[in-house]
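# A closer look at the structure
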Amino acid sequence: MSVDSLLHVASPLAGSLTPVHAADHAHGWWRSAVIYQVYPRSFRDLNGDGIGDLAGITAELPQLAELDIDAVWLSPFYRSPQRDAGYDVSDYCDVDPLFGKLGDFDGLIAEANRLSLRVIVDLVPNHCSDQHRDFQAALAAGAGSPERDMFIFRDGTGPAGEQPPNNWQSHFGGSAWTRITEPDGEPGQWYLHLFDSSQPDFNWDNRAVHHEFERVLRFWLDRGVSGFRVDVAHALVKAPGLPAWGGRADGSSSDGFPGHEAPMFGQPALHDIYRAWRRILEEYGPDRILCAEANVDPLPRLADWVRPDEMHQAFNFPYLHAGLDLHRLRTIVTESLTSLDAVGAPSTWVLSNHDVVRHATRFGYGWSGPREGDGIGPADPQPDHALGRSRAAAASLFMLGLPGGAYLYQGEELGLPDGIDIPGHQRQDPTFTRTGGTRLGRDGCRVPLPWRASERHNGFGDGVHPWLPQPESFTELARDAQAADPSSHLNLYRRILAARRELGLGRGSLSWAEEWCTGSSLAFLNGDVLVVMNMGTESLELPAGEVLLRSSSADRELADGWHGISSGETVWLRISAEDSES
Ligand code: TEU
Ligand code: CA
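Here we summarise the structure given alongside this text. Source: prediction; values computed, not measured.

## A word on the overall build of the protein chain
Along the backbone of the protein chain there are 15 helices and 21 strands. Relative to the compact-globule value of 25 Å for 582 residues, the protein chain shows a C-alpha radius of gyration of 24 Å, a close match. When its C-alpha atoms are laid out on the principal axes, the protein chain stretches across 90 × 50 × 45 Å. Split into buried and exposed, the 582 residues of the protein chain put 61% on the buried side. Pairs at least 24 apart in sequence give 70% of the contacts found in the protein chain among residues at least 6 apart. In the structure as shown, the protein chain presents an accessible area of about 21200 Å², 52% of it carried by carbon and sulfur atoms.

Here's what the structure looks like:
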């Protein structure tokens, strides 16, 4: 093709770029990292007791390394009564026997090092388990004691203190307060728990709590972790006086985000805590990171969490919640990049995790799936699985073309759907019991992974049944079956991740390519790669360039002549230098 015709084809594209973000040349492996979330209970059960374990993770780690990811983040594996799947920690510096021993953790780190994978662990500082020795000591010590001051104990209201201290509600349903029986056998004080009643909130106004967590950070840093994902990072500090909250009582506004003034979220004193943690990490060199699980709204406020002396990253929940609403997606990508650029931080992107319906299932429902934390059961409207999986591929190909870091949730590379046929007696999310089954909770996205189609329980473990039943489709979706099929979801992910690294997209730039932002399609240029997602009902023609990747397996098999983008598809197209400049 002559230069003339290239320029001719390219001009509509080049003439209508809206620049948002410049290429990133700062130091830091994490700035463009792909971090893969391992949910230990459901990854791989090596000892056959039906629940995943650390040795199982170590055994399958080479399969993750093949995916070309940078790090794994492990959800909690610490000592825990497992009332909230391990987010109820009774000892922060030990491995629960369910998952193995500390030595198994060291083995996992050694294997990760061999494979050049970093390991990030989950830190749960907002609350512990009621079985934690500090909480047991607080119960035994009585009102007004220093032991009680580690937590948030208050006298009740009403004539005999029989009413909770305020109107706050638990995320999992019901009051956020539980009344205890005092050591003398009388009904006594109440303690605050933003989550399950077995998860008492720590009192972060107490320096002893700070010291305890600084010890925990050092413990895992000394064992070789590359950082921490910080659970409910926005909730540690509560407003003085614990004022009643008039919005939705769990602190969220109508769209599910924390309200701006919620007294349990986003308090200014949080930032000094994270500054102190950052200083500790820096004692270990520049490569250890903190990532906030901070559900922050409005988006520009997220930048306050990742200022140069605070956390390195924060999850981008607005991106996850935008789903396939292209108008919202565009606004969120623009706001994320511009507000984070202002503090020199990269953005992160995410579509699935262990708290939400998997995106392959969400996208099987028109434009908006079920409410967060509610889950899907057999009596609910059912998703279109094929549509969900193909849109999930399109959404992932779009996300992984964006500059910044990305978080993947185990099984999304297989296009796994949520488990739907889970009998009530097998559901373990406290949301299910605390709401009398009206909200099914998050078990659907936590179903054990299928590794090998021909093995017992699809290779999850060869002992007793997995702790949650696997849907029938998990056999054909098993990793080994997909590895053998060039057009599988897994092989698409492999190609995406390899190309993303080779093209340096995580460090790249972003300009909206207006010509292809039609309302039903959305497109950006990152370096010389044009990423177009078409959610309209019609196919679109693409500008000149080399098609690098397509999300639709049907179109991948089409004859070479096809130079368009189907409905429901995303394409990566390399525009030559003459095309993208001028
Ligand atoms: O979740 C925090 C959180 O605010 C939500 O994602 C919450 O799980 C959801 O709104 C409930 O419907 C974190 C963990 O990711 C989650 O698994 C834990 O249960 C929770 O903290 C408590 O530790
Ligand atoms: Ca096991």
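## Re the coordination of the calcium ion (ligand 2)
The coordination sphere of the calcium ion (ligand 2), as far as protein atoms go, consists of Asp45 (OD), Asn47 (OD1), Asp49 (OD), Ile51 (O) and Asp53 (OD), spread over 2.2 to 2.4 Å. Mapped onto the sequence, the donors of the calcium ion (ligand 2) take the spacing D-x1-N-x1-D-x1-I-x1-D. On the basis of relative accessibility, which here comes to 33%, the residue Asp49 falls in the partly exposed class.

## Focus: the pattern of salt bridges
Across all of its chains, the model carries 36 salt bridges by this definition. We note a salt bridge from Asp68 to Arg501, for which the minimum N-O separation is 2.5 Å. Of this pair, Asp68 sits in the loop between α2 (54-65) and β3 (71-74) while Arg501 sits in helix α13 (residues 489-503), placing them 433 residues apart in sequence. Judged by relative accessible area, which is 23%, Asp68 ranks as partly exposed. Arg501 sits in the partly exposed class, given a relative accessible area of 41%. Three or more residues joined by partner-sharing salt bridges are found here, namely Asp84, Asp355, Asp429, Arg442 and Arg446.

## Notes on the sheet that holds strand β13 (residues 348-350)
Strand order in the open sheet formed by 8 strands is β12-β11-β10-β6-β3-β2-β14-β13, with parallel pairing between adjacent strands. At either end of the open sheet lies a strand with only one pairing partner, and these are β12 (313-314) and β13. The sheet contact formed by strand β6 (residues 118-123) and strand β10 (residues 227-230) spans 4 bridges and is parallel. Bridged to Val121 within β10 is Phe228. Helix α5 (residues 207-222) rests against β6 and β10 of the sheet, and its axis sits at about 160° to β6.

## Things to note about the packing of α2 against helix α3 (residues 102-114)
It is the contact of α2 with α3, at a shortest axis distance of 9 Å, that shows an interaxial angle of 10°. In terms of orientation, α2 and α3 fall into the roughly parallel class. Across the interface between the two elements, Leu54, Ile57, Thr58, Leu61 and Pro62 from α2 touch Asp104, Phe105, Gly107, Leu108, Glu111, Ala112 and Arg114 from α3. Class assignment of the residues belonging to the contact of α2 with α3 gives a composition of 7 nonpolar, 2 polar and 3 charged.

## Focus on the side chain of Gln410
In this fold, Gln410 is placed in the loop between β14 (405-409) and α11 (430-434). On the basis of relative accessibility, which here comes to 1%, the residue Gln410 falls in the buried class. Here Ser42 takes part through its backbone oxygen, which lies 3.5 Å from a polar atom of the side chain of Gln410. Each residue touching Gln410, except ones within four places of it in the same chain, is listed here: Tyr36, Gln37, Val38, Tyr39, Ser42, Phe43, Arg358 and Leu449.

## Focus: the sheet that holds strand β7 (residues 153-154)
With antiparallel pairing, the 3 strands of this open sheet are ordered in space as β7-β9-β8. The sheet is open, and its two edges are formed by β7 and β8 (177-181), each paired on a single side. Relative to strand β9 (residues 187-192), β8 runs antiparallel, the two being bridged by 4 bridges. What sits directly across from Arg179, in β9, is Trp190.

## Topic: unusual backbone geometry
Of note in the backbone geometry, Ala85 takes a positive phi value of approximately 50° without being a glycine. Structurally, Ala85 is set in the loop between β4 (78-79) and β5 (91-95). Accessibility expressed as a relative area gives 12% for Ala85, which makes it buried. Unlike most non-glycine residues, Asn458 shows phi in positive territory, near 55°. For Asn458, the location among the structural elements is in the loop between α11 and α12 (479-483).

## A word on the site of ligand 1
Lining the immediate surroundings of ligand 1 are 17 residues, of which Asp84, His127, Asp231, Asp355 and Arg442 lie closest. Here an oxygen atom of ligand 1 and a side-chain polar atom of Glu293 are 3.3 Å apart. In this structure, His354 approaches ligand 1 through a side-chain N or O atom, which is 2.8 Å from an oxygen atom. Relative to its free-state accessible area of 490 Å², ligand 1 is covered by the protein chains to the extent of 94%.

## Section: helix α4 (residues 133-141)
Listing the buried residues of α4 in full gives Asp134, Phe135 and Ala138. Summarising the axial view, the buried residues of α4 lie within an arc of 100°, below the 170-degree limit, and thus occupy one face. Across from the buried face of α4, at angles greater than 90 degrees, the exposed residues are Arg133 and Ala140. Buried-residue contacts for α4 involve β7 and β9. Once α4 ends, the next one or two residues include Gly142, with phi positive near 95°.

## Thoughts on the pairing of β9
Of all the 6 residues making up β9, 5 are buried; the element is thus mostly covered by neighbouring parts of the structure. The pairing of β7 with β9 spans 2 bridges and is antiparallel. Across the sheet, residue Phe153 finds its bridge partner in β9, namely Tyr191. What sits between the antiparallel neighbours β8 and β9 is a turn of 5 residues, in which Gly185 has the positive phi angle 90°.

## Points about helix α6 (residues 270-283)
Since the α-helix advances by 3.6 residues per turn, residues separated by three or four positions end up pointing in the same direction. Over its 14 residues, α6 extends 21 Å from the first C-alpha to the last, a length consistent with the 20 Å expected when each residue adds 1.5 Å. When we look at burial in α6, the residues that qualify are Leu270, His271, Ile273, Tyr274, Ala276, Trp277, Arg278, Ile280 and Leu281. Looking at the buried side of α6, the elements it contacts are β6, α5, β10 and β11 (289-292). Phi for Gly285, located one or two positions after α6, is positive at around 105°.

## Side note on the nonpolar core
In this structure, Phe77, Phe105, Phe228, Tyr274, Trp277 and Tyr319 are the most contacted members of the largest nonpolar core, which totals 140 residues. Beyond its immediate chain neighbours, meaning those up to four positions away, Tyr319 contacts Leu329, Ile332, Val333, Trp349, Val350, Leu351, Phe398, Met399 and Leu402. Grouped together as the second largest cluster of nonpolar side chains are 16 residues, Trp168, Trp177, Leu194 and Phe265 included.

Cut-off values and rules
Along each chain, residues carry numbers from 1 onward, in the same order as the chain's sequence is written. Chains and ligands are labelled sequentially in the order written, the chains with letters from A and the ligands with numbers from 1. The predicted nature of this model means local features are confined to residues of pLDDT at least 70 and side-chain atom pairs, given and counted, to a pLDDT of 80 or more, with totals for whole chains, interfaces and linings taken over all residues. The side-chain quantities take in all heavy atoms of the structure and omit both hydrogens and water. Here a strand is any run of E in DSSP of at least two residues, a helix any run of H or I of at least four, and the numbering for each starts at the N terminus. All radius of gyration figures rest on C-alpha atoms, and the globule criterion is 2.2 Å times the number of residues raised to 0.38. Only protein chains enter the accessibility calculation, which uses a 1.4 Å probe. A residue is then buried if its area is under 20% of the maximum for its type, exposed if over 50%, and partly exposed in between. Here, two residues are considered to be in contact whenever any of their heavy atoms come within 4.5 Å of each other. Computed by Shrake-Rupley with a 1.4 Å probe, the accessible areas treat only the displayed protein chains as cover when residues are assessed. Metal donors were taken as nitrogen, oxygen and sulfur atoms no farther than 2.8 Å from the ion, or 3.2 Å where the ion is Na, K or Ca. Water is excluded, so coordination may look unfinished. The salt bridge definition used is simple: a Lys or Arg side-chain nitrogen within 4 Å of an Asp or Glu carboxyl oxygen. Two strands make a pair as long as DSSP finds a minimum of two bridges between them. Lines are fitted to the C-alpha atoms to define the axes, a helix being fitted only along its stretch in contact, and any angle between axes, read from their N-to-C directions, falls within 0 to 180 degrees. Convention used here: angles under 35 degrees read as roughly parallel, angles over 145 as roughly antiparallel, angles from 65 to 115 as roughly perpendicular, and any remaining angle as oblique. Think of it as three bins: nonpolar holds Ala, Val, Leu, Ile, Met, Phe, Trp, Tyr, Cys and Pro, charged holds Asp, Glu, Lys and Arg, and polar takes everything else, Gly as well. Counted as a polar contact is a pair of N or O atoms within 3.5 Å, where, for protein atoms, one must be capable of donating a hydrogen and the other of accepting one, and residues adjacent in sequence contribute only when both atoms are in side chains. Proximity is defined per residue: if any heavy atom of the residue lies within 4 Å of a molecule or strand, that residue is considered near it. The arc under discussion is defined with respect to the helix axis, by the directions toward the C-beta atoms. In a helix, the anticipated span is given by 1.5 Å times the number of residues less one. What is meant by a nonpolar core is a set of buried Ala, Val, Leu, Ile, Met, Phe, Trp, Tyr and Cys residues, joined one to another through side-chain atoms within 4.5 Å.

Any functional reading would require information that these geometric values do not contain.
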